[in-house]
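Results of the structural survey
Single-letter residue listing:
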Amino acid sequence: MKKELRKLIDLPEGSLSFEDKTVMYMMNNLGNVDPELRDTLIYSLFARGFEENAFTIKQQQMIVTGFINNLGLFTEIDRKKDDRVFLRSFSALLGSILLDADGETPLFTDKQRELIFKSAIDNLKKESDFRGYVPEKGWAHAIAHGSDFLGYSISHKNFHTADINSIFDVIRCVMNKLTVPFIDEEEQRIAYAFFQGVSSKNIKEQDLVSFIQKYDNEVWEKYSESKGELSAFYRLSTWFHIMQNWYFMFFEYQDIKEILYLRIKKYLEKMFN
């Protein structure tokens with residue numbers, strides 16, 4: 001089947017089409033540990049397939065039904081350094097592709113869409129495998145890919161929530177599990193998800209300002225109480241990197257930029273003076 005997928009990936013734009021059995025194979029191997037099969041072929045073909053409208057209506061529903069019914073987003077999510085991380089991570093990427101397509105032409109029912117929005121939030125809250133690149137198996141990157149999925153969810157035109165704190169709690173949950181620094185730009189991906197939410201007006205600017213003020217105080221308090229514990233420093237440093245990314249992302253949002261400037265300045269003064 002890899003040979004067939006290689007032939008498909010080489011087809012010029014606009015000439016792509018799939019047999020039903022190929023779509024089923026792609027769904028069944030979404031989390032395969034072979035990086036060429038999973039990443040270079042299957043993920044790329046899903047992305048191209050929806051972008052080029054190459055899937056039939058029946059195939060689109062096969063993909064949507066398989067994604068929702070199986071919810072590989074949560075398979076063995078409490079385990080660290082387990083190969084099921086590839087299924088979770090690439091399920092999140094598929095979720096991003098589906099939400100992007102759904103924003104143009106509806107793929108989901110309202111009930112399905114609400115489930116997917118909730119799953120995007122819960123996936124990042126529960127994820128415990130923070131690896132980036134895994135030798136011989138390729139990108140796990142569950143936090144980065146989950147952040148992409150979150151961004152597509154909270155920026156979707158149909159997204160709404162009565163509990164804004166549940167979204168900000170994603171950052172708390174990720175940070176509370178962090179014991180070593182991120183090394184593959186996960187902070188940037190987390191930051192960008194929230195930028196998408198604010199820029200789409202699904203998250204109010206003032207809600208983000210309030211969160212920054214409150215959470216910054218929390219992180220500093222825990223760091224002060226830690227008595228030099230490395231994990232507390234890594235969390236503080238990671239939070240600093242998220243704020244740095246936000247400062248440039250929100251450069252034209254005056255209220256957000258001002259609070260970020262003050263909190264970044266505070267970090268630099270405390271850590272280097």
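Scroll up to find the structure this text is about.
Keep in mind it's a predicted model, so treat the numbers as computed, not measured.

The rules behind each value
- Residues numbered from 1 in each chain as written.
- Predicted model: local features only at pLDDT ≥ 70, side-chain atom pairs only at ≥ 80, totals over all residues.
- Heavy atoms only, no water.
- Phe/Tyr/Trp six-rings, centres within 6.5 Å; stacked < 30°, edge-to-face > 60°.
- Helix = DSSP H or I, 4+ residues; strand = E, 2+ residues; numbered from the N terminus.
- Buried < 20%, exposed > 50% of the residue type's maximum accessible area, 1.4 Å probe, protein only.
- Lys NZ or Arg CZ within 6 Å of the ring centre and 35° of its normal.
- Axes fitted to C-alpha atoms, helices over the stretch in contact; angles between N-to-C directions.
- Parallel < 35°, antiparallel > 145°, perpendicular 65-115°, else oblique.
- Left-handed = near helix turned anticlockwise from the far one by under 90°.
- Contact = heavy atoms within 4.5 Å.
- Nonpolar A, V, L, I, M, F, W, Y, C, P; charged D, E, K, R; others polar.

**Re the packing of aromatic side chains**
Scanning the entire structure with this criterion turns up 25 aromatic pairs. Their ring planes at 90 degrees and their centres at 6.0 Å tell us that phenylalanine 211 and tryptophan 239 sit as a pair that is edge-to-face. Linking phenylalanine 211 in helix H10 (residues 205-225) with tryptophan 239 in helix H11 (residues 230-249), this pair joins segments that are 28 residues apart in sequence. Across the pair, tryptophan 239 and phenylalanine 211 agree in class, each one buried. Following the ring pairs from residue to residue traces out a cluster consisting of Phe168, Phe194, Phe211, Tyr215, Trp239 and Trp246. In this structure, lysine 257 packs its charged tip against the face of phenylalanine 251, placed 4.1 Å from the ring centre. The positively charged end of lysine 270 is found above the aromatic ring belonging to tryptophan 220, 4.5 Å away from the centroid.

**Observations concerning the packing of H10 against helix H12 (residues 254-272)**
Each pair of packed helices gets described by two things: the angle between the helix axes and the distance between those axes. Following both chains from N to C, one finds H10 and H12 inclined at 15 degrees, their axes separated by 9 Å at the closest point. The pairing of H10 with H12 is recorded here as roughly parallel in orientation. Our pair here, H10 against H12, has a crossing hand that is left-handed. On the side of H10, the interface is formed by Glu205, Leu208, Val209, Ile212, Gln213, Asp216, Asn217, Trp220 and Tyr223, while H12 contributes Asp255, Ile256, Ile259, Leu260, Arg263, Lys266, Tyr267, Lys270 and Met271. Residue composition of the contact of H10 with H12, by class: 10 nonpolar, two polar and six charged.

Any link to function would need more than the numbers given here.
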